[in-house]
Number of protein chains: 2
Amino acid sequence: MEILKQRILEDAVVIGDSILKVDNFLNHQIDVALLDEIGREFHRRFGDFGITKILTVESSGISVACATAREFNVPVLFAKKGNASTLNEGNYRATSYSFTKAEEYVMNVSKKYLGEGDRLLIIDDFLANGLAIEALLDIVRQSGAKLEGVGIVIEKEFQTGGRKLRDKGVHLESLARIASMEGGIIKFS
Amino acid sequence: MEILKQRILEDAVVIGDSILKVDNFLNHQIDVALLDEIGREFHRRFGDFGITKILTVESSGISVACATAREFNVPVLFAKKGNASTLNEGNYRATSYSFTKAEEYVMNVSKKYLGEGDRLLIIDDFLANGLAIEALLDIVRQSGAKLEGVGIVIEKEFQTGGRKLRDKGVHLESLARIASMEGGIIKFS
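Model, not experiment: these values are computed from the prediction.

Basis of the calculations
Residues numbered from 1 in each chain as written. Chains lettered and ligands numbered in written order. Predicted model: local features only at pLDDT ≥ 70, side-chain atom pairs only at ≥ 80, totals over all residues. Heavy atoms only, no water. Salt bridge = Lys/Arg side-chain N within 4 Å of Asp/Glu carboxyl O. Helix = DSSP H or I, 4+ residues; strand = E, 2+ residues; numbered from the N terminus. Least-squares fit on C-alpha atoms with pLDDT ≥ 70 in both. Contact = heavy atoms within 4.5 Å. Phe/Tyr/Trp six-rings, centres within 6.5 Å; stacked < 30°, edge-to-face > 60°. Buried < 20%, exposed > 50% of the residue type's maximum accessible area, 1.4 Å probe, protein only. Lys NZ or Arg CZ within 6 Å of the ring centre and 35° of its normal. Polar contact = N/O pair within 3.5 Å; in protein donor to acceptor, adjacent residues only side chain to side chain. Nonpolar A, V, L, I, M, F, W, Y, C, P; charged D, E, K, R; others polar.

A few words now on the pattern of salt bridges. A full pass over the atoms with the stated rule returns 28 salt bridges over all chains. Between E157 of chain A and R177 of chain A there is a salt bridge; the shortest N-O distance is 2.4 Å. Here E157 of chain A, found in the loop between β9 (146–156) and α5 (161–167), pairs with R177 of chain A, found in strand β10 (residues 172–180); they are 20 residues apart in sequence, far enough to count as distant. For the salt bridge of E37 of chain B with R40 of chain B, the shortest nitrogen-to-oxygen distance reads 3.3 Å. On the criterion of helical spacing, the pair formed by E37 of chain B and R40 of chain B is a turn pair, its members being 3 residues apart in helix α2 (residues 32–46).

Pasting the structure below:
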């Protein structure tokens, strides 16, 4: 997706060899016009799969998932992290790990909103090691819903998450695939 | 906003006398068509104030803020909670408290994205005691930006947040104002 790659080249900040900050337009400040373009692109790629629901995880996936869901005219469902007192029963749960925060966390999805009839598109902003997506896949398995695909805004291909998902036969579409960021230079695949 | 009140009566769940769960359409599963209506309603109420940016806090405010920002054609900026390693310098910071999670937390907003030229609309899903909004107001003060108003989807008027903001002269607009939920019966103002 050319407009996205251009934006990454203009506004993303590389830290070390593996951290990419897109706080200018996606992860802190959000460019809603770009978000709409991203939603339309995911619809172009997954529009024929009978998607009934978009699944993501709080919080940086929510904006992208909502923009995508508008195009599909289906609800968003976002996994909640932790053990909030308002979300303690009747959930599918899976454990993931945040490298950013250096801690384990639990994702919760209510059994009320996900079940065997659903055909899911998982959406997230980043794919690196893939642990968040793996946890969502675990929740999908528990629910009996059918996974139709995974849509990612920015995939860091030099980490292992994408390869592991493709090896499992998951239909993965990433709008910008970064091959390397060595020396602070972003190279797309 | 009639369509919102109807949806609350149909799908919200009252727990005790003060907790309202809207997980069916706003806080876990998200009805994106309703979200669009909410965005349009905020634009009707604040469209003439020269808003340059929508400010909210992760994570349940993000979906509403994005739908609103589309109508205004301005960026969203969402305060990040905690001390992520990717967000540690150059921030406005304010402390709030989550009754749901029973813990203090810090909100962070990068100084890069908020400053004196900005005219802000703060958006959030709920207003109860108002501590989250107070922390955002603190950040706005630090930044020198001008607060034009606060837009809330659901205000629990029987708690003190709304009154405190109105007493300060804040232009507060809530799309559904709940006067009481005693005995599990939702009464709008």
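That covers the picture; the talk isn't over yet.
In this section: the relation of the copies chain B and chain A. Between chain B and chain A, which share one sequence, the superposing operator has a rotation angle of 180 degrees and an axial displacement of 0.0 Å; the RMSD is 0.0 Å. The symmetry that links the two subunits is that of a two-fold axis. Ranked by how close their C-alpha atoms come to the rotation axis, the residues of chain B are headed by S59 of chain B, at 2.5 Å. Looking at the interface residues of chain B, 100% of them are also at the interface in chain A, so both copies use one shared face.

Our focus in this paragraph is the packing of aromatic side chains. Summed over the entire model, instances satisfying the criterion amount to 4 aromatic pairs over all chains. Ring centres of Y97 of chain B and F99 of chain B lie 5.1 Å apart, and the angle between their planes is 80 degrees; on these two criteria the pair is classed as edge-to-face. You can call F99 of chain B exposed: its relative accessible area is 53%. Lying across the ring of F188 of chain A, K5 of chain A places its NZ or CZ 5.6 Å from the centre.

With that out of the way, let us pick up the interface of chain B and chain A. Of the residues lining the interface, 38 residues belong to chain B; the matching set on chain A comes to 38 residues. Here chain B and chain A share 4 salt bridges between them. Two residues, K80 of chain B and D23 of chain A, come together in a salt bridge whose shortest N-O distance is 3.5 Å. Scanning the region where chain B abuts chain A turns up 17 residue pairs in polar contact (both at pLDDT 80 or more). Put simply, the parts of the chain that give the side of chain B that touches chain A at least two residues each are β2 (19–21), β3 (29–30), α2, α3 (60–72), β5 (76–81) and β7 (103–110) of chain B. For the side of chain B that touches chain A, a count of residues per class yields 18 nonpolar, 11 polar and 9 charged.

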